[in-house]
Amino acid sequence: METILSIRNLDKKYGKVHAVNNLSFDIQKGNVYGILGPNGSGKSTTLGIILNVVNKTSGNFSWFDGAISTHEALKKVGAIIERPNFYPYMSATQNLQLICKIKGVSYDKIEEKLKIVNLYDRRNSKFKTYSLGMKQRLAIASALLNDPEILILDEPTNGLDPQGIHEIRQIIKGIAKNGTTILLASHLLDEVEKVCSHVVVIRKGIKLYSGRVDEMTASNGYFELQANDTKTLVQLLEKHASIETIKEENGVLIASLASELSSTEINKYLFDNGVLLSHLVKRKPSLEQQFLDLTNNQ
Ligand code: ADP
Ligand code: MG
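No experiment lies behind these values; they were computed from the predicted model shown. (Residues numbered from 1 in each chain as written. Chains lettered and ligands numbered in written order. Predicted model: local features only at pLDDT ≥ 70, side-chain atom pairs only at ≥ 80, totals over all residues. Heavy atoms only, no water.)

Caption draft 1: Representation of the environment of Y87 in the model. Among the secondary structure elements, Y87 is positioned in the loop between β5 (77-80) and α3 (92-103). Once the C-alpha coordinates of Y87 and K126 are considered, the two residues, 39 residues apart in sequence, prove to be 8.6 Å apart. Other than its neighbours up to four places away in sequence, Y87 contacts N95, L98 and F127. (Helix = DSSP H or I, 4+ residues; strand = E, 2+ residues; numbered from the N terminus. Contact = heavy atoms within 4.5 Å.)

Caption draft 2: Quick peek at the packing of helix α5 (residues 132-144) against helix α6 (residues 162-177). At a minimum axis separation of 10 Å, α5 and α6 run at an interaxial angle of 15°. The angle between α5 and α6 falls in the class roughly parallel. Crossing handedness for the pair α5 and α6: right-handed. Contacts between α5 and α6 involve G133, Q136, R137, I140 and L144 on the former and, on the latter, E167, I168, I171 and I175. Residues that form the contact of α5 with α6 fall into these classes: five nonpolar, two polar and two charged. (Axes fitted to C-alpha atoms, helices over the stretch in contact; angles between N-to-C directions. Parallel < 35°, antiparallel > 145°, perpendicular 65-115°, else oblique. Left-handed = near helix turned anticlockwise from the far one by under 90°. Nonpolar A, V, L, I, M, F, W, Y, C, P; charged D, E, K, R; others polar.)

Caption draft 3: Spatial organisation of helix α4 (residues 108-116). Those residues of α4 that fall on the buried side of the exposure criterion are I110, K113 and L114. The arc that holds the buried residues of α4, viewed along the axis, is 100°, so those residues lie on one side. Residues of α4 that are buried sit in contact with α3 and α5. A positive phi of about 55° marks N118, the residue just after α4. (Buried < 20%, exposed > 50% of the residue type's maximum accessible area, 1.4 Å probe, protein only. Arc of directions from axis to C-beta.)

Caption draft 4: Main features of the pairing of strand β3 (residues 32-36). Along β3, five of the five residues are buried, which leaves the element largely enclosed by surrounding structure. Residues V32, G34 and L36 point to one face of β3 and Y33 and I35 to the other, with burial holding for every one of them. Bridge count between β3 and strand β7 (residues 181-186): five bridges; the pairing is parallel. Counted as the bridge partner of G34 is L184 from β7. Relative to strand β8 (residues 198-203), β3 runs parallel, the two sharing four bridges. (Pairing = 2+ DSSP bridges.)

Caption draft 5: Geometry of a nonpolar patch on the surface. Nonpolar side chains collect at one region of the surface, where Y87, L98 and I102 lie side by side and expose about 330 Å² of accessible area between them. Mapped onto the elements of the fold, L98 is located in helix α3. (Patch = residues over 30% accessible without salt bridge, like charges linked within 9 Å, V, L, I, M, F, W, Y side chains within 5 Å. Areas by Shrake-Rupley, 256 points an atom, 1.4 Å probe, with all protein chains shown as cover. Salt bridge = Lys/Arg side-chain N within 4 Å of Asp/Glu carboxyl O.)

Caption draft 6: Quick look at the domain arrangement of the protein chain. Examined at the domain level, the protein chain breaks down into domain 1 (3-216) and domain 2 (222-296). Domain 1 and domain 2 are separated by 43 Å when their C-alpha centres are compared. Taken together, the eight residues of domain 1 in the interface contact seven residues of domain 2. Overall, the association of domain 1 and domain 2 removes approximately 730 Å² of surface from exposure, summing both partners, and the carbon and sulfur fraction of that is 79%. Taken together, the links from domain 1 to domain 2 amount to zero salt bridges. For the interface between domain 1 and domain 2, the tally reads zero residue pairs in polar contact (both at pLDDT 80 or more). Of all the elements in the fold, those that place two or more residues in the side of domain 1 that touches domain 2 are α7 (189-195), β8 and β9 (206-212). Taken together, the residues of the side of domain 1 that touches domain 2 break down into six nonpolar, no polar and two charged. (Domains from an automatic or database assignment. Buried area = accessible area lost by both parts, 1.4 Å probe. Polar contact = N/O pair within 3.5 Å; in protein donor to acceptor, adjacent residues only side chain to side chain.)

Caption draft 7: Inspection of the sheet that holds β3 at higher detail. Across the sheet, six strands lie side by side as β5-β6-β7-β3-β8-β9; this open sheet has mixed pairing. Both outer strands of the open sheet, β5 and β9, are each paired with one neighbouring strand and no more. Across this sheet, the average inter-strand angle for adjacent strands is 15°, counted without regard to direction. Running at roughly 150° to β7, α6 makes contact with β3, β6 (150-154) and β7 of the sheet.

Caption draft 8: Summary view of the packing of aromatic side chains. Counting across every chain of the model gives three aromatic pairs. An angle of 35° between the planes, with centres 6.0 Å apart, marks the rings of W63 and F64 as tilted. There is no split in this pair, since W63 and F64 are both buried. Their ring planes at 50° and their centres at 6.2 Å tell us that F127 and Y130 sit as a pair that is tilted. Side by side, F127 and Y130 carry an identical accessibility label, which is buried. For the cation-ring pair, K115 lies above Y120, with the distance from its terminal atom to the ring centre recorded as 4.7 Å. (Phe/Tyr/Trp six-rings, centres within 6.5 Å; stacked < 30°, edge-to-face > 60°. Lys NZ or Arg CZ within 6 Å of the ring centre and 35° of its normal.)

Structure below.
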């Protein structure tokens, strides 16, 4: 696998604020990464550091296996870390032509990129007539002009209406599908779940989890149980190898699972040992609950 970016023990202090705390993770080609954390957790600072616009306090990061200088590497990176800003009285095409000149890219790219972000039909409208979502999409087109290896986005759907949010997410997924690696920062679990294959969860600059999104959310679930003889029920559950923890909530026992176990299996086990259940439901914790557990328990 090709490593696009490697971050090791990265640290950033703004005076007393420890914005990024000993952060390490890798970005492999072709994946979609989310840096997920509440506001103020150090996401934008991390992106700023790897893009050379914020100075790190200590630690290291290296682009493309360190084979080229950061300056050279950043020519292969497309990034939007601020609110998109273009010339208001110029059209989308004119704005992108200007950027092509600055980046030394052929005008031929403009049509292709405007089509990717669904703005080709509006290419001749002045930027000032664009909605916030369209402005954000134009920013994505502009970041794609030089065919970057990786696209970096900071809170790409902030401030957009539901339709605008959906559109941006679809576009990001499309770009990823065509092989561009993506790194986006978001405070929205839902966004990371919908768009990303991999996630780095941070809180107060500290990494809490990194790995595949589907593994973060992997859980064997839990049973809700009730029986007349609660004492025996608890004893039997405690003896069962698949039961991890047992707690009581409003007269219902909650038994979380360490490994896969079906309702039929647990029912038979309890019945065979003389306990008749009056209530049995198998549930999985919501993704939101798992995220809250992850960010609160450490
Ligand atoms: P996020 O993007 O996850 O919301 P930031 O990286 O913007 O988080 O901020 C992380 C922490 O660093 C916050 O406590 C924030 O107030 C602080 N911070 C960010 N930028 C500066 C700065 N330029 N000067 C001082 N403190 C800053
Ligand atoms: Mg931020």
